[in-house]
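Take a look at the letters that make up each chain.
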Amino acid sequence: MKRAFAVLALLVGASFGYVAVRVGLQGTGAQAPVGVDVLEGRVAAPQGAELIDSPVGEPFLYGEIRLTKGGSRAVDTSWRSVVGSPTIEIDTGGRRMPVRLPHPERWRSAAPPTFEEVRSLEGLPHVDGVDGVDRLGPPPYLLIVTAVRPGDAIIARAGADEARDVHLGTREEIEAWVVAHERGRWPIVGLMGLMAIVSLGLGVRGLGGKSA
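Residues numbered from 1 in each chain as written. Predicted model: local features only at pLDDT ≥ 70, side-chain atom pairs only at ≥ 80, totals over all residues. Heavy atoms only, no water.

Undergrad: Describe the pattern of salt bridges, and please don't skip the residues or the numbers.
TA: Within the structure shown, the criterion is met by 9 salt bridges. Measuring nitrogen to oxygen at the nearest pair gives 3.8 Å for the salt bridge that ties Arg80 to Glu105. Highlighted residues: Arg80 in strand S3 (residues 79–84) and Glu105 in the loop between strand S5 (96–100) and strand S6 (108–109), separated in sequence by 25 residues. According to the relative accessible area criterion, Glu105 is exposed, its value standing at 58%. Arg106 serves as the salt-bridge partner of Glu162, at 2.8 Å between the closest nitrogen and oxygen. (Salt bridge = Lys/Arg side-chain N within 4 Å of Asp/Glu carboxyl O. Helix = DSSP H or I, 4+ residues; strand = E, 2+ residues; numbered from the N terminus. Buried < 20%, exposed > 50% of the residue type's maximum accessible area, 1.4 Å probe, protein only.)

Undergrad: Provide a residue-level description of the pairing of S5, including the pertinent values.
TA: Pairing analysis gives 5 bridges linking strand S4 (residues 87–91) to S5, with the strands arranged antiparallel. When the bridges of S5 are listed, Thr87 appears paired with Arg100. Hairpin geometry of S4 and S5 is characterised by an intervening segment of 4 residues between the two adjacent antiparallel strands and by a positive phi of about 105 degrees at Gly93. (Pairing = 2+ DSSP bridges.)

Undergrad: Give me the sheet that holds S6: which residues, what numbers.
TA: Strand pairing within a sheet occurs via backbone hydrogen bonds; the two strands may be parallel or antiparallel. One open sheet accounts for 6 strands, arranged S5-S4-S1-S9-S10-S6; its pairing is mixed. Since the sheet does not close on itself, it has two edges, and those belong to S5 and S6, each with one partner. The pairing of S6 with strand S10 (residues 164–168) spans 2 bridges and is parallel. Bridging from a neighbouring strand, Arg108 pairs with His167 of S10.

Undergrad: Requested: an account of the sheet that holds S3, with residues and values cited.
TA: Taken together, 4 strands build an open sheet; the order of strands is S3-S2-S8-S7 and the sheet is antiparallel. The open sheet has two edge strands, S3 and strand S7 (114–118), and neither has a second partner. Looking at each pair of strands side by side, their axes are set apart by 15 degrees on average, direction ignored. Strand direction decides the pairing type here: strand S2 (residues 62–69) and S3, joined by 6 bridges, are antiparallel. Within S3, the residue paired with Glu64 across the bridge is Val82. (Axes fitted to C-alpha atoms, helices over the stretch in contact; angles between N-to-C directions.)

If you want it as structure tokens, here you go:
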């Protein structure tokens, strides 16, 4: 049992060490997409179509509404819904190109989503009377809307079925966001490096104790 634990500790340590070195040298991999298949411009206003009313913020074309307990932005939301059509048009300045967006949780954005703490859901679009609110307890509740709206800056890699590498924001905003996230990787690298050292140390001690 002791030898098995030591071997496991060595494997875990090696894994943490590999990830720490890779992230430290290569970064997180986040970057604004470039290439001939990349569309860059503004989300075009729909022709003859109405925008979708939002429970918080301005009306939108397509997005996700999340409802959780007020006072927290925890990811364990009790209710969520995707609203609108994922097919939009990007105005590149010379033409309007249709694209199908992936699920909003796969977007990257230089700006935070629209959110607001509310004490009642009555009269709010899409969330008035939804099931499951009782599980959240009493108000206040936090509404979070991640959506695209006409005029939003967007960069996306066109795909056969749906767009990839969707970034909301101008290239300058996205690059600044990437730089900030890249700087933030160093504490993570340090933590993984420390865990690698500790795990490898436990593994070596465990094997050494067995052989003694």
